[in-house]
Amino acid sequence: MTFPITPRNVVAALVAIGLLLLPLYSHLTGNIFILTLFTRIVIFALAASSLNLIMGYGGMMSFGHAAYLGIGGYAVGILSFEGIGSGFIQWPVALAVSALFALVIGALSLRTRGVYFIMITLAFAQMAYYIVSGMSRYGGDDGLTIYKRSNFDGLIYLSNRVQFYYLCLGCLFGGLYLIWRIINSRFGMVVQGVRSNEQRMQAIGFHANRYRLVCFVIAGTICGLSGALLANNTDFVSPAVMYWTRSGDLMVMVILGGMGSLFGPVIGAIVYLVLEELLSQFTEYWAMIMGPLLLLIVLFARGGIMGLLGRLRLG
Amino acid sequence: MVNSLADPLLRVENLVRRFGGITATDNLSLNVMSGELHAIIGPNGAGKTTLISQLTGQLAPNSGTIHFAGRDVTRQPAYRRSRLGLARSFQTTSLLPDFSAIDNVAIAAQAHDGHSFRFWGNARKEKHLRDAARSALTRVGLEARADVPVSELSHGEQRELELAVALATKPQLLLLDEPMAGLGVTESARMVALLKELRREVTIVLVEHDMEAVFALADRITVLVYGRVIACDRPDAIRNNEEVKRAYLGDQHVVVAHG
Amino acid sequence: MLVLVEQSLNGLQFGLLLFLLAAGLTLVFGIMDFVNLAHGSLYMMGAYFAATFVAWTGSFVLGALLALGATLLLGMALEFIALRHLYGRDHLDQVLATFGLILFFNDAVRLIWGPAGLALPLPAWLTVPVQIIPGVYYPAYRLSIIVAALAVAALLYVVVMRTRLGMLIRAGASNREMIGALGINIKLLFTLVFGLGAALAGLAGLMQAPILTVQIGMGENILILAFVIIVIGGIGSIRGAFLAAIFVGMIDTLGRAFLPDLLRKVLSGAAASTAAPALSSMLIYLLMAIVLVVRPEGLFPAAKR
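Residues numbered from 1 in each chain as written. Chains lettered and ligands numbered in written order. Predicted model: local features only at pLDDT ≥ 70, side-chain atom pairs only at ≥ 80, totals over all residues.

Undergrad: What am I meant to see in the overall build of chain C here?
TA: When its secondary structure is counted, chain C shows 12 helices and 2 strands. The order of helices and strands in chain C, counted from the N terminus, is α-α-α-α-α-β-β-α-α-α-α-α-α-α. Relative to a compact globule of 305 residues, whose C-alpha radius of gyration would be 19 Å, chain C shows 20 Å and is just as compact. Over its C-alpha atoms, taken along the principal directions, chain C stretches across nearly 65 × 50 × 40 Å. (Helix = DSSP H or I, 4+ residues; strand = E, 2+ residues; numbered from the N terminus. Rg over C-alpha atoms; globule rule 2.2 N^0.38 Å.)

Now the structure itself:
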């Protein structure tokens, strides 16, 4: 595998190294906050990457991706509540339920295209939100506290911040590697081709929607994993994590970083969440700045950050 | 040589397609025999592309039947017909713009090489797919441009690539929708020569406006006017058919080619 | 029986309100091919403006009219300054840009009016119950919503179907380039249509304000329902939006009112209490799912381009 020296790749490599060394920096400076912040960022980077798979590579603009954060989170939360604390059970359940939900919602939503698809994925995710809000046994609107993080029988202690951070980072890098392999596989070729020119792909013999659906399910499953990680990170899960504006946040991360670039969502998640953090220290009304900023980005910076970097030339 | 005693490879019966008040395909019947090069001509608006789209499955007819290789494919979706051996090139170039020429062809080859639910191995490294793609590119004369992104190919090269993509699906029947659209003189001649070669291996249905090419290549010609077949015969007969001349060839300067 | 009549009227009222909201959305989408997520924000602004102007002027009607005007102007200003640059762009770009506007509006409202939300009290003459049929009383205000919304719907129908403006609107929906070629000032037309859409959203917002609280984020909740209605009714189709809205309004209201009792007859008490609210909320989405399976293009799609 060749690794060309381009601005994009250099930035990606630097960021990856930075993420790896972060706990060291945190330890040396005594800054715990940055570790917890970046744990959250890494988790969202994984979620955004899974969205990028269907949006950037698959051309499916799903506005309901945050639902899987909730599903994964509630799988952990509900099982923990009911006395099942083992991560070996919780996490596979999180993945399985996410996959199932993605299968059903995908099968229904993929009967539509374009803006219809956006609206419908939005609506279904909101449906999940309402269902979960209605589950009074599990806290309803107030959410569910998770008293003990997922137990992995001594393999890894999620309550240890550094170990947990590296677990999340491992999931992120593992997820990115998986996505990279998928993109370049036969399956990935078809999915990208379908995004590019569906009619052409049908004409040469591919049942386009079948591939879209499988892609959709894979992405939902990966995001379910992020959900399980997120629930562990906050020791809490509530319907708010799957409110549709959260799906919007994920979309923004993907677009900001650069849709269709492998590392883009990671950059996007970092920039978006760091910006959010900085702005909120600056003013309580940070969304008033973020909102128009988003508008401007859409108007002028197409292709996101990776897109801008891609247009630079070294030397 | 056309074997007229055999069953037609493609049998179209009483095909009807309406768009609101317009009848684009008006009770159309047509047979294509295995091994022949069958041209379909007609003035603009005759419904040629509508017909092709119904044959390949992009458009569903209102009534009528289509049989391919003995099977009723009238209700089959496009991807299934492709798998049965029915390939198509598009009138308006329809390629995968984000991919290179060879990728375009390789994906087409991939479609007919087992299933594509493989998530791990690098598809671009599958030797037999790449080889099949390269040979299709060589046939149309594009082997030197294999790694060029489609967006950087000239119009003529894109038309050739369309053909390569269709070929890579190893078709029994090749439906070509104006493959020479927008081609210059040299490129057209090259395309005609290519089609002359291909006709020995695959049955071809050719929709074209380029009369010189049509009369040079076709075994039989079907003339379409307002969605209806007004004549279906050998080129000589068509050239002399009064109704055809009136409806279509009358105003055109036809270069009489030597069949 | 009384409850059924009352709840049916509530359903009708809710449905009509949803129609006003959905009509604006589908109008803008049908004519300008523009997806406006901030439509819910305009709904919210209508409510906030109304609460403010009614308090200033002391008159409900005057305050409402001013709020309507303000929302109309806000919509047109928004279109003129920012949104017109997004016509012709990918729908995804429009979704993201207007999503950014939602963030902006929610915080702007919080800045100007505070986080707590407002109340819009009704004048005395609107709080009396009205006897619609002997023995059945229905709140005057809700009745007036029904009447007003039906009037607006009728007006919309007349404008779109019978006037020159409406003809331009319908023509624009099917062929944008053509009406440009006819020399009509497209930009102005679009601004007006957007303003109309905003006014409809604002009207829905201000009419709902006395019944629900006026609060931040109220637009987002109801926007989803507007989307569902458009999907069910068919994009670009006002008639579809009307029928689907009434349908959705009825199902949602009646479902929430009667489903818990129905469930209690079938399931145990505890199970029914848990399932009922969830199921009531889900009802609309189940409906949408069914429509998607059976007729993906919607029940009454507008004529194709």
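Moving on, there is more to tell.
Undergrad: Just to check I follow, could you spell out the domain arrangement of chain B for this structure?
TA: The extent of an interface is frequently quoted as the accessible surface area lost upon association of the parts. All names here are of chain B. The domains assigned to chain B are domain 1 (1-85 + 171-259) and domain 2 (93-167). Taking the mean C-alpha position of each, domain 1 and domain 2 sit 26 Å from one another. Taken together, the 9 residues of domain 1 in the interface contact 8 residues of domain 2. Split into classes, the residues belonging to the side of domain 1 that touches domain 2 amount to 5 nonpolar, 2 polar and 2 charged. (Domains from an automatic or database assignment. Contact = placed C-beta atoms within 7 Å. Nonpolar A, V, L, I, M, F, W, Y, C, P; charged D, E, K, R; others polar.)

Undergrad: Whenever I open this one, the interface of chain B and chain A confuses me. Can you help?
TA: If you look at the interface, chain B gives 28 residues, while chain A gives 20 residues. Elements that contribute at least two residues to the side of chain B that touches chain A include exactly helix 2 (78-84) and helix 3 (101-111) of chain B. Grouping the constituent residues of the side of chain B that touches chain A by class yields 13 nonpolar, 10 polar and 5 charged.

Undergrad: Just to check I follow, could you spell out the sheet that holds strand 2 (residues 22-32) of chain B for this structure?
TA: Backbone hydrogen bonds are what pair the strands of a sheet, in a parallel or an antiparallel way. Residue and element names in this part refer to chain B. Read from one edge to the other, the open sheet built from 4 strands follows the order 2-1-4-5, with strand pairing classed as antiparallel. Two strands bound the open sheet, and with one partner strand each, they are strand 2 and strand 5 (71-72). Bridge count for strand 1 (residues 10-19) against strand 2 is 7 bridges, and the pairing is antiparallel. Of the residues in strand 2, the one forming a bridge with Arg11 is Asn31. (Pairing = 2+ DSSP bridges.)

Undergrad: I'm lost on the interface of chain A and chain C in this one. Help?
TA: At the interface, 38 residues of chain A touch 37 residues of chain C. Here the side of chain A that touches chain C takes 13 residues from helix 5 (residues 114-133) of chain A, the largest share from any one element.

Undergrad: What is the right way to read the confidence of the model for chain C from this model?
TA: Scored by pLDDT, chain C comes out at a mean of 83, with 90% of its residues at no less than 70. Here helix 8 (residues 176-181) of chain C is the element of chain C with the lowest mean pLDDT, 67, and helix 2 (residues 39-57) of chain C is the one with the highest, 93. (pLDDT = per-residue confidence, 0-100.)

Undergrad: In this structure, what is going on with the sheet that holds strand 9 (residues 220-225) of chain B? I would like to understand it.
TA: Residues and elements named next belong to chain B. With mixed pairing, the 6 strands of this open sheet are ordered in space as 6-7-8-3-9-10. Each having just a single partner strand, strand 6 (86-89) and strand 10 (228-233) make up the two edges of the open sheet. Direction aside, neighbouring strands of the sheet carry axes that sit 15° apart on average. Here strand 6 runs beside strand 7 (residues 173-177); their pairing, made up of 4 bridges, is parallel. (Axes fitted to C-alpha atoms, helices over the stretch in contact; angles between N-to-C directions.)

Undergrad: Just checking my understanding: could you explain the pairing of strand 3 (residues 37-41) of chain B for this structure?
TA: All names here are of chain B. Extensive coverage of strand 3 is indicated by the burial of 5 of its 5 residues. Both faces of strand 3 are covered, namely the face carrying Leu37, Ala39 and Ile41 and the face carrying His38 and Ile40. In terms of strand pairing, strand 3 meets strand 8 (residues 203-207) through 4 bridges, oriented parallel. Pairing of Ala39 across the sheet is with Leu206, part of strand 8. Two strands pair when backbone bridges link them, and strand 3 and strand 9 are joined in this way by 4 bridges, in the parallel orientation. Paired with Ile41 across the bridge in strand 9 is Val223. (Buried ≥ 20, exposed ≤ 12 C-beta atoms within 10 Å, placed from the backbone.)

Undergrad: Got a minute to help me understand the pairing of strand 7 of chain B in this structure?
TA: Side chains on a regular strand alternate between the two faces of the sheet. All names here are of chain B. Along strand 7, 5 of the 5 residues are buried, which leaves the element largely enclosed by surrounding structure. The alternating pattern of strand 7 places Leu173, Leu175 and Asp177 on one face and Leu174 and Leu176 on the opposite face, and all of these are buried. On the question of chirality, the crossover connecting strand 7 to the parallel strand 8 by way of helix 6 (residues 185-198) is right-handed. (Right-handed = clockwise from strand over helix to strand, strands pointing away.)

Undergrad: Mind showing me how you'd approach helix 1 (residues 2-32) of chain C here?
TA: Residues three or four positions apart in an α-helix share a direction because the helix packs 3.6 residues into each turn. Spanning 31 residues, helix 1 of chain C covers 45 Å between terminal C-alpha atoms, matching the ideal 45 Å at 1.5 Å per step. Residue Asp33(C) follows helix 1 of chain C closely and has a positive phi angle near 55°. (Expected span 1.5 Å × (residues − 1).)

Undergrad: Before we go on, may I ask you to explain the nonpolar core in this structure?
TA: Side chains of nonpolar character tend, in soluble globular proteins, to be buried together. In terms of nonpolar packing, the biggest core is built from 286 residues, with Val105(B), Leu21(C) and Ile229(C) touching the most fellow members. In this structure, this core is formed jointly by two domains, domain 1 (1-85 + 171-259) and domain 2 (93-167) of chain B, each of which donates at least three residues. Apart from the residues within four sequence positions on either side, Val105(B) is in contact with Ala133(B), Ala136(B), Leu137(B), Ala164(B), Val165(B) and Ala168(B). (Core = buried A, V, L, I, M, F, W, Y, C linked by C-beta atoms within 7 Å.)

Undergrad: Even after reading the chapter, I still don't get helix 4 (residues 91-113) of chain C, so can you show me in this structure?
TA: Over its 23 residues, helix 4 of chain C extends 32 Å from the first C-alpha to the last, a length consistent with the 33 Å expected when each residue adds 1.5 Å. Two residues or fewer past helix 4 of chain C, Gly114(C) is found with a positive phi of approximately 85°.

Undergrad: I tried to follow the packing of helix 1 of chain C against helix 6 (residues 140-162) of chain C on my own but got confused; where do I start?
TA: Each packed pair of helices is defined by two parameters, the angle between the axes and the distance between the axes. Residues and elements named next belong to chain C. With their axes 9 Å apart at the nearest point, helix 1 and helix 6 run at an angle of 40° to one another. Taken together, the axes of helix 1 and helix 6 lie oblique to each other. Helix-helix and strand crossings are classified by hand; for helix 1 and helix 6 the assignment is left-handed. On the side of helix 1, the interface is formed by Leu9, Asn10, Leu12, Gln13, Leu16, Leu17, Phe19, Leu20 and Ala23, while helix 6 contributes Arg142, Ile145, Ile146, Ala149, Leu150, Val152, Ala153 and Leu156. (Parallel < 35°, antiparallel > 145°, perpendicular 65-115°, else oblique. Left-handed = near helix turned anticlockwise from the far one by under 90°.)

Undergrad: Could you clarify how one ought to interpret the packing of helix 3 of chain B against helix 5 (residues 155-168) of chain B in this entry?
TA: All names here are of chain B. For the pair helix 3 and helix 5, interaxial distance at closest approach is 7 Å and the crossing angle is 25°. When the interaxial angle is binned, helix 3 and helix 5 end up roughly parallel. Taken as a pair, helix 3 and helix 5 cross one another with a handedness that is right-handed. Within the contact between the two elements, helix 3 uses Ala101, Asn104, Val105, Ala108 and Ala109 and helix 5 uses Leu161, Ala164, Val165 and Ala168. Looking at the contact of helix 3 with helix 5 residue by residue, the class counts come to 8 nonpolar, 1 polar and no charged.

Undergrad: Could you clarify how one ought to interpret the environment of Ile230(C) in this entry?
TA: Residue placement: Ile230(C) occurs in helix 10 (residues 218-233). C-beta crowding within 10 Å serves as the criterion here: with 27 such atoms nearby, Ile230(C) is assigned to the buried category. For the pair Ile230(C) and Ala244(C), spaced 14 residues apart in the sequence, the C-alpha separation amounts to 7.6 Å. With residues near it in sequence (within four places) discarded, Ile230(C) still touches Met119(A), Ala22(C), Leu25(C), Thr26(C), Ile235(C) and Ala241(C).

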